[in-house]
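# Observations on the model geometry
Each chain is listed here by its residues.
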Amino acid sequence: MTEIRQFDLIIHGATGFTGRLAVRELSRIAPPNLRWAISGRNSERLTALATEFDREFLVADSFSESQLDELTKSCSVVLSCAGPFASFGEKLVASCVKNKCNYADLTGESHWIEEMTAKYGAQALANEVTLIPSSGFDSVPASLGAQEFLKRIALDGRTIKSFGGYYSMRGGLNGGTLASGLKLAEDKIAVPNASRPGVFKVAALNKYATDFVMAPINERVVALDCDVDYHEHLLTPNIFVANLVRGYFGLLGWLMSCSVGRSVLRKLGPNPGEGPSAKIIANGFVKHTFLEDECDNPLRLTFTWPGDPGNTVTVRCLIHTGLALVASESQAIGFTTPAAALGNTLLQRLLDAEVCSYTCNSE
Ligand SMILES: NC(=O)c1ccc[n+]([C@@H]2O[C@H](COP(=O)([O-])OP(=O)(O)OC[C@H]3O[C@@H](n4cnc5c(N)ncnc54)[C@H](OP(=O)(O)O)[C@@H]3O)[C@@H](O)[C@H]2O)c1
């Protein structure tokens, strides 16, 4: 994109829970010459946020093609925090593709990504637009981490058939994330199963693995970039906790599947616009270990991401993705993944900004 537009970057859905955190994060780290603004549907809330951060704003309702066109013609990159994306995302994607505006978002709704790719993928390639869905906690750590892990295997002169990703984490739940899960269940969208469900001992880590709720989306994103089988799990200290966690998520899944259960979750869980407390966000962390399968001395690459996964890690990943897109660092066009589009350059940005760090047992 050679044409100069009014803004380099706009955060859309800026008045939501993650949107506001993204605005705060960008205002903290934005290079001085970056021309950025915010957008959303509610002019009153936008005025308050724009005043707080001394930004211009655009009103763009997700259902107004004219407002969205104004938005996507005015900037080079849109970062969208307006979800559930299956509810609010399509017209923005269509407008970005039409008006040659690069795009990244926070969706974990893989059926929606597939639908958007089928509808707008060819035009996105023709218009040379880069669209990177899942640029938050799902799936930047999995996408970039898997790429780095496989690079190290290749540097060893080896090939492998499969590897695992094992998470330890602490954090809270956003109303928007719950709303996205409820929307999937309500629409009776079949979420693909994780590739290796169940509880098992991970001898190399001396811990027990159990099901991880984000495995289906992360495994899908990694599979788009490599033909080595990648499976994801949550790590727990012992077999008792592993089964307890599995039972807990099983119960949640069952509640999601029936309308009474969904009403209970809506009543008890956070509403859209709400999220964990500042303390929970600050005390959160993610530790993500990539480990070779079935091998005596497996390669082990462990990433640490400080902060709450669904908020701190998510908005930092999104903002750095946006900055890399503004700097024209993408190697890919069309619907793509964090690793395929930005790979090493995004990982280096995240390491330089201390968003994550890693250790490897072979070094
Ligand atoms: N990838 C990850 O790791 C990750 C982590 C966290 C969240 N998420 C996803 O990110 C999304 C947002 O989460 P959240 O917690 O920030 O939710 P939220 O607080 O409910 O925010 C939703 C945003 O969408 C906006 N919106 C709703 N209807 C709209 C419309 N018609 N036009 C324009 N904007 C509209 C809302 O505007 P108002 O402010 O005016 O209501 C708000 O800004 C969810 O889909 C969630 O699943 C992903």
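Look up: the structure comes first, before these words.
Below, the structure is looked at part by part.

The rules behind the values
Sequence order sets the numbering: in each chain, residues are counted from 1 along the sequence as written. With the structure being a predicted model, the display of local features is reserved for residues of pLDDT at least 70 and the display and counting of side-chain atom pairs for 80 or more, all residues being used for whole-chain, interface and lining totals. Each side-chain value is worked out from all heavy atoms of the structure, with water and hydrogens disregarded. Fitted lines through C-alpha atoms give the axes, limited to the stretch in contact for helices. The angle between two N-to-C directions lies from 0 to 180 degrees. Secondary structure elements follow DSSP: runs of H or I of four or more residues count as helices, runs of E of two or more count as strands, with numbering from the N terminus. Throughout this description, any angle smaller than 35 degrees is read as roughly parallel, any larger than 145 degrees as roughly antiparallel, any in the 65 to 115 degree range as roughly perpendicular, and the remainder as oblique. By convention the crossing between two helices is left-handed if the near helix lies anticlockwise of the far one by an angle smaller than a right angle, and right-handed if it lies clockwise. Any two residues having at least one pair of non-hydrogen atoms within 4.5 Å are treated as being in contact. Here the nonpolar group is Ala, Val, Leu, Ile, Met, Phe, Trp, Tyr, Cys and Pro; Asp, Glu, Lys and Arg are the charged ones; every other residue, Gly included, is treated as polar. Residue proximity to a molecule or strand is established when one non-hydrogen atom of the residue lies within 4 Å of it. Counted as a polar contact is a pair of N or O atoms within 3.5 Å, where, for protein atoms, one must be capable of donating a hydrogen and the other of accepting one, and residues adjacent in sequence contribute only when both atoms are in side chains. The Shrake-Rupley method, run with a 1.4 Å probe, gives the accessible areas here. Residue values count only the displayed protein chains as cover. By convention here, the domain bounds are inherited from an automatic or database domain assignment. A simple rule labels every residue: compare its accessible area, found with a 1.4 Å probe on the protein chains alone, to the largest value its type can have, and call it buried under 20%, exposed over 50%, or partly exposed in between. Here, strands pair whenever DSSP counts at least two bridges between them. Looking down the strands as they point away from the viewer, one classifies a crossover as right-handed if the path from the first strand across the helix to the second runs clockwise. Under the convention used throughout, the expected extent of a helix is 1.5 Å for every residue step, that is, one less than its residue count. Think of a salt bridge as a Lys or Arg side-chain nitrogen and an Asp or Glu carboxyl oxygen that are within 4 Å of each other.

## Description of the packing of helix H1 (residues 17–29) against helix H13 (residues 309–326)
- Axis separation between H1 and H13 bottoms out at 9 Å; the angle between their running directions is 55 degrees. Relative to H13, the element H1 is oriented oblique. Handedness of the H1/H13 crossing: right-handed. Where H1 approaches H13, its residues Phe 17, Thr 18, Leu 21, Ala 22, Glu 25, Leu 26, Arg 28 and Ile 29 are matched on the opposing element by Gly 310, Asn 311, Val 315, Arg 316, Ile 319, His 320 and Leu 323.
- Looking at the contact of H1 with H13, its residues break down into eight nonpolar, four polar and three charged.

## A look at the site of the ligand
- Around the ligand, the structure places 30 residues, and the nearest of them are Thr 15, Phe 17, Thr 18, Arg 41 and Ser 62.
- Here a nitrogen atom of the ligand sits 3.1 Å away from a polar atom, N or O, in the main chain of Leu 106.
- Between an oxygen atom of the ligand and a side-chain N or O atom of Asp 138, the distance comes to 2.9 Å.
- Look at the ligand: alone it shows 930 Å² of surface, and the protein chains cover 94% of it.
- The set of elements that each furnish at least two residues to the shell around the ligand consists of H1, helix H4 (85–88), helix H8 (175–186) and H13.
- Broken down by element, the shell around the ligand gets its largest block of residues, three residues, from H8.
- Among the residues forming the shell around the ligand, the class breakdown is eleven nonpolar, 15 polar and four charged.
- Residue assignment places the shell around the ligand across two domains, with domain 1 (7–137 + 314–350) and domain 2 (140–312 + 356–360) each supplying three or more.

## Topic: the pairing of strand S1 (residues 7–12)
- Across the six residues that make up S1, a large majority, six, are buried.
- Judged from the five bridges that link them, S1 and strand S4 (residues 75–80) form a sheet pairing that is parallel. When the bridges of S4 are listed, Ile 11 appears paired with Leu 79.
- Between the parallel pair S1 and strand S2 (residues 36–40), the chain is carried across by H1, and the sense of this crossover is right-handed.

## Observations concerning the sheet that holds S4
- In space, the seven strands of this open sheet follow the order S3-S2-S1-S4-S5-S6-S13, with parallel pairing throughout. Looking at which strands have only one partner, the edges of the open sheet turn out to be strand S3 (57–59) and strand S13 (334–335).
- Summarising the sheet, S4 and strand S5 (residues 102–105) pair through four bridges and their orientation is parallel. Residue pairing for S5: Val 77 is matched across the bridge by Asn 102.
- In this fold helix H2 (residues 43–53) packs onto S2 and S3, with an angle of close to 175 degrees to the strand it touches most, S3.

## With respect to the environment of Thr 15
- Along the chain, the position of Thr 15 falls in the loop between S1 and H1.
- Judged by its relative accessible area of 15%, Thr 15 falls in the buried class.
- Once the C-alpha coordinates of Thr 15 and Ala 82 are considered, the two residues, 67 residues apart in sequence, prove to be 9.0 Å apart.
- Look past the residues within four positions of Thr 15 in its chain and what remains in contact with it is Arg 20, Arg 45, Leu 46 and Leu 49.

## Brief notes about H13
- For H13, built from 18 residues, the straight-helix expectation of 26 Å at 1.5 Å per residue is met to within 8% by its first-to-last C-alpha distance of 24 Å.
- With respect to burial, H13 is a largely interior element, 16 of its 18 residues being buried.
- Between the side-chain oxygen of the N-cap and the backbone nitrogen of Gly 310 there are 3.3 Å, and the N-cap of H13 in question is Asp 308.
- Ser 328 occupies a position one or two residues after H13 and carries a positive phi of about 55 degrees.

## Focus: the pattern of salt bridges
- Counted under the stated rule, the structure contains 19 salt bridges.
- The salt bridge partner of Asp 229 is Arg 196, with a shortest N-O separation of 3.2 Å. Taken together, the residues span a long stretch of sequence, with Asp 229 in strand S10 (residues 229–236) and Arg 196 in the loop between H8 and strand S8 (200–202) at a distance of 33 residues.
- The class for Asp 229 is partly exposed, based on a relative accessible area of 32%.
- Its relative accessible area of 32% is what places Arg 196 among the partly exposed residues.
- A single network of salt bridges, built from pairs that share partners, joins Glu 25, Arg 28 and Arg 316.

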